[in-house]
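Residue-level structure breakdown
Chain residues, written in single-letter form:
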Amino acid sequence: MKSPMSTDEERLRAQFDFSKIERGKYYERYKKGHTITLLPGGEDSDDPLDPTERDSQLTEIAGKHLLISRLVAAGFEVAEPLRDKGIDLIVYRGDDKFTAWPIQMKSSTQESFSLDRKYKKIPNLLMAYVWNVNTVKQGEVYLLTFNDAEKVMKAKGFAKTNSWTKNGYYFRRNADPELKGLLKQYGMTADQWRQKIHITG
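Residue numbers run consecutively from 1 along every chain, following the written order of its sequence. For a predicted model such as this one, the threshold for reporting local features is a pLDDT of at least 70, and the threshold for listing and counting side-chain atom pairs is 80 or more; totals across whole chains, interfaces and linings nevertheless cover every residue. Working from all heavy atoms in the structure, the side-chain values ignore hydrogens and water.

1. Remarks on the side chain of Ser114
- Secondary structure elements follow DSSP: runs of H or I of four or more residues count as helices, runs of E of two or more count as strands, with numbering from the N terminus. In this structure, Ser114 sits in strand S4 (residues 113-116).
- Look past the residues within four positions of Ser114 in its chain and what remains in contact with it is Lys106, Tyr129, Tyr169, Tyr170 and Phe171. Residue contacts are counted whenever heavy atoms from the two residues lie within 4.5 Å of one another.

Printed below as a string of structure tokens:
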């Protein structure tokens, strides 16, 4: 007679399908031993503000505030939509003629680049890539239109990948020197913010 399942086991079985597992599949490999590699910021680091412990939500918050500070320094006003439906920020000028532009932000503790085809349908959308958000001095912001980002994709050959052609999405965790060179013209200074957003509008 089988012993009754514990509450934890019942919960586990409800979440996962174990019907196709193979008993002992890795037994021989396990007998040979294994090694453990401790990554930086392991058990001894429980500080949520430690860069190695930062989760995706904190990364987004840090990136958003870095982006807002750059926009405000360039003389723009910034608003946050109450609902996130692909637009993270709205940047606008409070001059006689009110004009506004939606921004989709990609925030990263590294130097990642991505593009999703779904954003092509949003008129006047600006893609802001915020890099190295862990370190304020190293933080970089690149501002592209969807067409700009697509040109970068084509120049690097990313547009030919299955990820893009079949799924309409591409992601690169770390930018290589060639990609950084292609993005350099989109790096933002106060003057470039004003020029880029004026042209886009």
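2. Quick notes on a positive patch on the surface
- Patches draw on residues past 30% relative accessible area with no salt bridge. Two like charges within 9 Å are joined, as are two nonpolar side chains (Val, Leu, Ile, Met, Phe, Trp, Tyr) within 5 Å. Note on areas: these come from Shrake-Rupley sampling with a 1.4 Å probe, and a residue is covered only by the protein chains present in the view. We define a salt bridge as a side-chain nitrogen of Lys or Arg found within 4 Å of a carboxyl oxygen belonging to Asp or Glu. His residues and chain termini do not enter the charge count, which takes Lys and Arg as positive and Asp and Glu as negative. Where a charge sits is defined by one atom per residue type, namely NZ (Lys), CZ (Arg), CG (Asp) or CD (Glu). A cluster of basic side chains, namely Arg83, Lys85, Lys118 and Lys121, defines a positive patch on the protein surface.
- Structurally, Lys121 can be placed in the loop between S4 and strand S5 (126-131).

3. So, the pattern of salt bridges
- Within this structure, the stated rule accounts for six salt bridges.
- Note that Lys180 and Glu111 form a salt bridge whose closest N and O atoms lie 2.7 Å from each other. Here Lys180 is found in helix H6 (residues 177-183), whereas its partner Glu111 is found in the loop between strand S3 (99-107) and S4, with 69 residues between them in sequence.
- The classification of residues rests on relative accessible area computed with a 1.4 Å probe and restricted to protein chains. Under 20% of the type maximum is buried, over 50% is exposed, and intermediate values are partly exposed. A residue is classified by how much of its surface remains accessible, and Lys180, at 33% relative accessible area, is partly exposed.
- The buried category is assigned to Glu111, whose relative accessible area is 17%.
- Across the pair Asp176 and Lys156 runs a salt bridge whose closest N-O atoms are separated by 2.7 Å. One end of the pair, Asp176, is in the loop between strand S7 (169-172) and H6; the other, Lys156, is in helix H4 (residues 146-156), with 20 residues separating them in the sequence.
- Overall, the relative accessible area of 23% leaves Asp176 in the partly exposed class.

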